[in-house]
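Here is how the chains run, residue by residue.
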Amino acid sequence: MDRVKGLTCRECGRSYPSSPIHVCEFCFGPLEVDYDHGAMRARVSRARIEAGPRSIWRYADLLPVELTADGEPPVGQAAGFTPLVRARNLGEELGLEQLYIKNDSVCHPTWSFKDRVVSVAVAKAKEFGFDTVACASTGNLANSVAAHAAEAHLKAYVFIPTDLEQGKITATLVYDPVLVAVQGTYDEVNRLCSEVADKYRWAFVNINLRPYYGEGSKTVGYEIAEQLGWRAPAHVVVPCAGGALLTKIARAFHEMQDLGLIPAGRTKMYAAQALGCGPIVTMIKNDTDVLVPVKPNTIAKSLAIGNPADGYYAYRAAKDSGGYGEHATEDEIVECMQLLARTEGIFAETAGGVTVAATRRLIEAGRIPRDEPTVICITGSGLKTPDVLHDRLSVSVTIRPQLSVFDQALADLKSKGDIA
Amino acid sequence: MSVLVRIPTPLRSLTKGAAEVQGSGDTVGDIIQDLERQFPGLRDRLVDEGGDLRRFINIYVNEEDIRFLEGAKTTLKTGDSVSIVPAIAGGR
């Protein structure tokens, strides 16, 4: 592949050939895909992207994956190119004139942004000749790895913490992977998987294929800029778990500027985390590059990584861009899931509640001004985590099938002030 | 005190390919010194010039990250295992 030179260590710059490895042998720094930007620049253009498929593969020239001879992606055909919604109602509620929602709750095929990263990682797994893919997951990644393994005719081993939401377990098992429930937190599952990955020759999408996997996250940034009419927004609020998504969205805007796809400009990046698991936001607030790991305690399980791999880089990306970060309390998370649904008709998972709540705090604190284009990233569907809302929501009224009974019920609801 | 130490792939060139070695010492810091005696060059790969554990290395005693214990001063007892694991992994 002419545009990919190999891998390079982000810390010490050592080079490695393209292969399923993720840390530098010398300094343990993360490896990243090393592109030949000249070759990329010679090929890519707005027109070429616009003529491409309505999926992440319209940016194939910017990804480390080779399409098949007839231009098809190896796996994950419909991933990405999700709606960028002009959120007038939520904007009015929060006091923002130009608010947009990047809505990955409808990403194909498993309703989270993980379909982007997994499509790229599983494509590389096939290219490297693996017969098994695997992951450590808090749910969304599990769904996506199991689904894409099915599509790619690969075996799948999925490792999850035992306390995962039932919806996410079922939505993984249906694809028939080997599902290993580990008695521990995500961080413990992840540590176990690092050791498993060292021992078994499997393609762990978020471990030994991590340099490629992470590249899929850039497509969120590419899409935001293209959908805004080929310009980057002034502010982007991103939920953080491992921290890679925030880092890669910032990277995407820089790449597009370098390639002449969008005008030069600065996008401030903001991290959103739950108060019960917010080590990256804590770094930003304390302005320190030392990550203090935490034991997660939050309903936002898809963000419950107490020892985030890209924490340091997410901190740097937020600081360097002039952005910031905010925590959301458990009550705010649920309230803001409801706020998003009530104002925009979008049912996001708990992480979406975190993002909306953090955005509201950032606006109230004057960090995000009211008159500049702002994008918030919704990364997964609420239908996977409805449990957190069960106690808060109830049927308005239950009646017999008789018009007179309905008339009376309606009058009662109105008199109680339940409806306008 | 003798404990089992798990060595990640990138460091096995220093341990003649061994994935597990025995280390002796009362604390994690002692173990690192002992590993250096057995496998010269290993310490520099784990610890920076200031003597701190490198940013991209995590060390676990049994199942616990030593940052939740007492760091390099974490004490060990017979039968404990120490895992050296690259920090860069994961993502939901």
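Computed from a predicted model, the values in this text were never measured in an experiment.

Novice: Outline the overall build of chain A, listing residues and values.
Specialist: Secondary structure summary: chain A contains 14 helices and 13 strands in total. Since a compact globule built from 420 residues should have a radius of gyration of about 22 Å, the 22 Å found for chain A is in line with a globular shape. The principal-axis extent of the C-alpha atoms belonging to chain A is close to 75 × 45 × 45 Å. Put simply, chain A has 420 residues, and 54% of those count as buried. Looking at chain A alone, contacts between residues at least 24 apart form 69% of all its contacts between residues at least 6 apart.

Novice: Can you explain unusual backbone geometry? Please cite residues and give values.
Specialist: Residues and elements named next belong to chain A. Residue Pro109 follows His108 across a cis peptide bond; omega there is 0 degrees. A positive phi angle is found at Phe81, which is not glycine, with a value near 50 degrees. Tracing the chain through its elements places Phe81 in the loop between α2 (46-50) and β4 (84-86). We classify Phe81 as buried; it has 22 C-beta atoms within 10 Å.

Novice: Mind laying out the interface of chain A and chain B, listing which residues take part and the relevant values?
Specialist: Where interface size is given, it is often the accessible area lost as the parts come together that is meant. At the junction of the two partners, chain A supplies 32 residues and chain B supplies 21 residues. Of all elements in the fold, only α5 (140-152) and α7 (186-199) of chain A reach the threshold of two or more residues within the side of chain A that touches chain B. The leading source of residues in the side of chain A that touches chain B is α7(A), at seven residues. Considering only residue class, the side of chain A that touches chain B consists of 14 nonpolar, 11 polar and seven charged.

Novice: Which residues make up the pairing of strand β2 (residues 20-24) of chain B, and what are the values?
Specialist: Residues and elements named next belong to chain B. With burial as the criterion, only one face of β2 is covered, namely that bearing Val21 and Gly23; the residues Glu20, Gln22 and Ser24 on the opposite face remain uncovered. In the sheet, strand β1 (residues 2-6) pairs with β2 via five bridges, with the strands oriented antiparallel. In the strand pairing of β2, Val3 is matched with Gly23.

Novice: Any details on helix α13 (residues 350-364) of chain A? Residues and values, ideally.
Specialist: Residues and elements named next belong to chain A. With 15 residues, α13 should reach 21 Å at 1.5 Å per residue; the first-to-last C-alpha distance of 21 Å fits that figure. Along α13, 13 of the 15 residues are buried, which leaves the element largely enclosed by surrounding structure. Among the residues trailing α13, Gly366 stands out with phi positive, at a value near 80 degrees.

Novice: Residue-level account of the sheet that holds strand β4 (residues 64-65) of chain B, with values.
Specialist: With respect to topology, five strands assemble into an open sheet ordered β2-β1-β5-β3-β4 (chain B), the strand pairing being mixed. Since the sheet does not close on itself, it has two edges, and those belong to β2 and β4 of chain B, each with one partner. For strand β3 (residues 57-61) of chain B and β4(B), the ladder comprises two bridges, and the chain directions are antiparallel. Residue B:Tyr60 lies in a different strand from β4(B), and its bridge partner there is B:Asp65. Sheet strands touched by α7(A): β1, β3 and β5 (81-86) of chain B. Its angle to β5(B), the strand with the most contacts, is close to 85 degrees. Across the face of the sheet, helix α1 (residues 28-38) of chain B comes into contact with β1, β2, β3 and β5 of chain B while running at roughly 115 degrees to β2(B).

Novice: Can you break down the sheet that holds strand β1 (residues 4-9) of chain A residue by residue, with the values?
Specialist: All names here are of chain A. The three strands lie next to each other as β2-β1-β3, forming an open sheet whose pairing is antiparallel. The open sheet has two edge strands with one neighbour each: β2 (15-16) and β3 (31-35). Here β1 pairs with β3 via five bridges, running antiparallel. Counted as the bridge partner of Thr8 is Glu32 from β3. The sheet strands contacting helix α8 (residues 210-227) are β1 and β3, and the helix crosses β3 at an angle near 65 degrees.

Novice: Hey, could you go over the environment of A:Tyr312 for me, with residue numbers and the actual values?
Specialist: For A:Tyr312, the location among the structural elements is in helix α11 (residues 311-321). Those residues in contact with A:Tyr312 that lie beyond four places of it in its chain are A:Asp289, A:Leu291 and B:Arg55.

So, how was this worked out
- Residues numbered from 1 in each chain as written.
- Chains lettered and ligands numbered in written order.
- Predicted model: local features only at pLDDT ≥ 70, side-chain atom pairs only at ≥ 80, totals over all residues.
- Helix = DSSP H or I, 4+ residues; strand = E, 2+ residues; numbered from the N terminus.
- Rg over C-alpha atoms; globule rule 2.2 N^0.38 Å.
- Buried ≥ 20, exposed ≤ 12 C-beta atoms within 10 Å, placed from the backbone.
- Contact = placed C-beta atoms within 7 Å.
- Nonpolar A, V, L, I, M, F, W, Y, C, P; charged D, E, K, R; others polar.
- Pairing = 2+ DSSP bridges.
- Expected span 1.5 Å × (residues − 1).
- Axes fitted to C-alpha atoms, helices over the stretch in contact; angles between N-to-C directions.

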